[in-house]
Amino acid sequence: MRKVYIYDDYQLSSGNGIGTFLKEFARCVAQWGDDIQLCMIMFRTNSEEFRIGMRGGMEYFFIPRGLCKNPFEECEPVIAILRKHIIDTRDTFFLINYTLCDRLMSATRKYFPLSRQVCVIHDFSWTAPLLGDVELFRGLVAKKGREIPFQYIEMLKLHRREADQYRIADSVVCLSEDSRDILQDCYFVPKEKIALIPHGADTIKKTLSVSAKQKWRASYYLNNNEKVILMVGRVCKTRGMFAYLNAFKKVLKKEPDCRLVIAGELCNAPDLLAAAGEAVIKITLTGLLDKDKLSCWYRMADIGVIPSYSEQYGYVGVEMMAYGLPIVASDGFGVRCMFQDGINALVAPIGNRSSNEYEQHLADCTLRLLSSLKLRKRLKDSARQILKRKYAFSEMEKHYKAIFMA
């Protein structure tokens with residue numbers, strides 16, 4: 001019997017891309033028969049003491065938050081518990097989805113030397129502080145000692161810890177070609193250790209008829225003439241939301257009957273609303289939505305926007321294509337691997353991050369889509385074909401099976 005133990009964090013993964021990935025991974029495993037079982041090792045739960053339970057046919061280890069403040073750094077108490085309940089064999093796997101996790105992985109290797117560790121990269125530590133500027137990152141990694149500017153020293157320390165994490169892993173899964181290249185060039189991960197496995201989708205979502213769409217929009221107090229522009233994700237600079245806010249102001253000058261809807265965690269919402277100024281009445285913040293409510297917005301929207309400076313192939317792109325939304329995307333790190341200009345999106349070049357040229361590019365692409373029904377339909381149809389061919393759930397399942405069932 002093969003056993004896959006998934007290190008998960010109750011505080012971090014609920015409501016984000018990792019939580020979604022884990023559900024999809026569990027779907028993959030369900031296809032492989034009874035010779036493999038999953039166990040979720042849940043850190044920082046509300047349990048008063050360690051306990052083992054079952055949910056939906058899956059085993060759970062509930063680690064209380066009082067055991068240690070950060071199980072990724074202070075991992076000995078966690079490992080001490082796991083050693084009592086996990087048998088170390090070649091058929092034992094640990095699945096890791098977080099950065100930084102080098103210390104936990106090192107301790108796992110020490111006490112479970114026969115087991116295999118699979119690390120899935122959902123993001124790198126450098127993408128947020130550098131706004132996805134991969135060329136700047138490559139240049140910094142090549143520098144040594146006193147050549148490194150002071151403000152980047154701590155970031156490069158994190159990079160070295162990430163490299164240790166990938167060195168410990170038996171397999172490293174990345175989600176885009178950009179990530180694969182950077183793993184080889186800047187983290188020096190052997191090619192044979194890397195698996196490129198994008199997230200998968202197995203359905204094309206049904207779109208609404210004109211009358212049904214109008215009815216749904218009326219229930220949300222939307223004017224039938226309003227053009228709804230949808231962004232999904234955390235309100236933060238790295239996701240390009242502040243850049244798109246300024247682009248949206250430019251759009252309003254030529255297309256005043258538009259509404260920007262932002263669905264996601266509202267961590268920096270006050271800053272966003274303050275930056276919106278007079279355009280604030282044209283902006284709707286929904287907060288974090290469940291799957292069904294988010295589905296409503298995908299169906300009601302006219303355009304989807306993915307302005308991220310970097311993205312490790314997020315689920316939002318898959319969902320927007322599945323729901324048939326014409327998309328404005330950036331050419332940011334990772335995002336550019338998913339979208340081709342004029343094929344399945346209009347791509348806005350980021351260019352110089354210290355200027356406002358990116359904002360203008362975003363506005364221009366948005367206005368082009370708003371003005372052409374024919375263009376929107378062509379991009380939607382092409383995106384769905386690419387979705388079926390390149391990002392099928394069956395492909396995701398097949399590649400993970402090759403790692404865990406070989």
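This text follows the structure it describes.
What you are looking at is a predicted structure, and each value in this text was computed from that prediction instead of being measured.

J.: For this particular structure, what's the right way to read the sheet that holds strand β9 (residues 227-232)?
T.: Note: strands within a sheet are paired through backbone hydrogen bonds, in either parallel or antiparallel orientation. Overall, parallel pairing links the six strands, which are arranged β11-β10-β9-β12-β13-β14 in an open sheet. Edge positions in the sheet fall to β11 (283-287) and β14 (346-348), since each of these pairs with one other strand and no more. Pairwise comparison of adjacent strand axes, ignoring direction, gives a mean angle of 25° for this sheet. The pairing of β9 with strand β10 (residues 258-263) spans six bridges and is parallel. Along β10, the bridge assignment pairs Val228 with Arg259.

J.: What should I look at first to understand the nonpolar core in this one?
T.: Across soluble globular proteins, you tend to see nonpolar side chains buried next to one another. Ranked by size, the top nonpolar core spans 76 residues in total, and within it Phe25, Leu95, Trp126, Leu183, Tyr187, Tyr400 and Phe404 carry the most contacts. The element that contributes the greatest number of residues to this core is strand β2 (residues 36-45), accounting for seven residues. In this structure, Phe25 is in contact with Val4, Ile6, Trp32, Leu38, Leu95, Met396, Tyr400 and Phe404, ignoring residues within four places of it in sequence.

J.: What's the story with the pattern of salt bridges in this structure? I'm lost.
T.: For side chains bearing opposite charge, pairing can occur when the charged atoms are close. Taken as a whole, this structure holds 19 salt bridges when the rule is applied. Of the charged contacts, one joins Arg138 and Asp185 as a salt bridge, the two residues approaching to 3.0 Å between their closest N and O atoms. Placement of Arg138 in helix α5 (residues 134-142) and of Asp185 in helix α7 (residues 177-186) is noted, with a sequence separation of 47 residues between them. The class of Arg138 is partly exposed, set by a relative accessible area of 27%. Residue Arg336 pairs with Asp178 through a salt bridge whose shortest N-O separation is 2.7 Å. Placement of the pair is Arg336 in the loop between β13 (327-330) and β14 and Asp178 in helix α7, with a sequence separation of 158 residues. Owing to a relative accessible area of 10%, Asp178 belongs among the buried residues under this scheme. Because the salt bridges share partners, they merge into one network encompassing Glu73, Asp102, Arg103 and Arg161.

What counts and how
- Residues numbered from 1 in each chain as written.
- Predicted model: local features only at pLDDT ≥ 70, side-chain atom pairs only at ≥ 80, totals over all residues.
- Heavy atoms only, no water.
- Pairing = 2+ DSSP bridges.
- Helix = DSSP H or I, 4+ residues; strand = E, 2+ residues; numbered from the N terminus.
- Axes fitted to C-alpha atoms, helices over the stretch in contact; angles between N-to-C directions.
- Core = buried A, V, L, I, M, F, W, Y, C linked by side-chain atoms within 4.5 Å.
- Buried < 20%, exposed > 50% of the residue type's maximum accessible area, 1.4 Å probe, protein only.
- Contact = heavy atoms within 4.5 Å.
- Salt bridge = Lys/Arg side-chain N within 4 Å of Asp/Glu carboxyl O.

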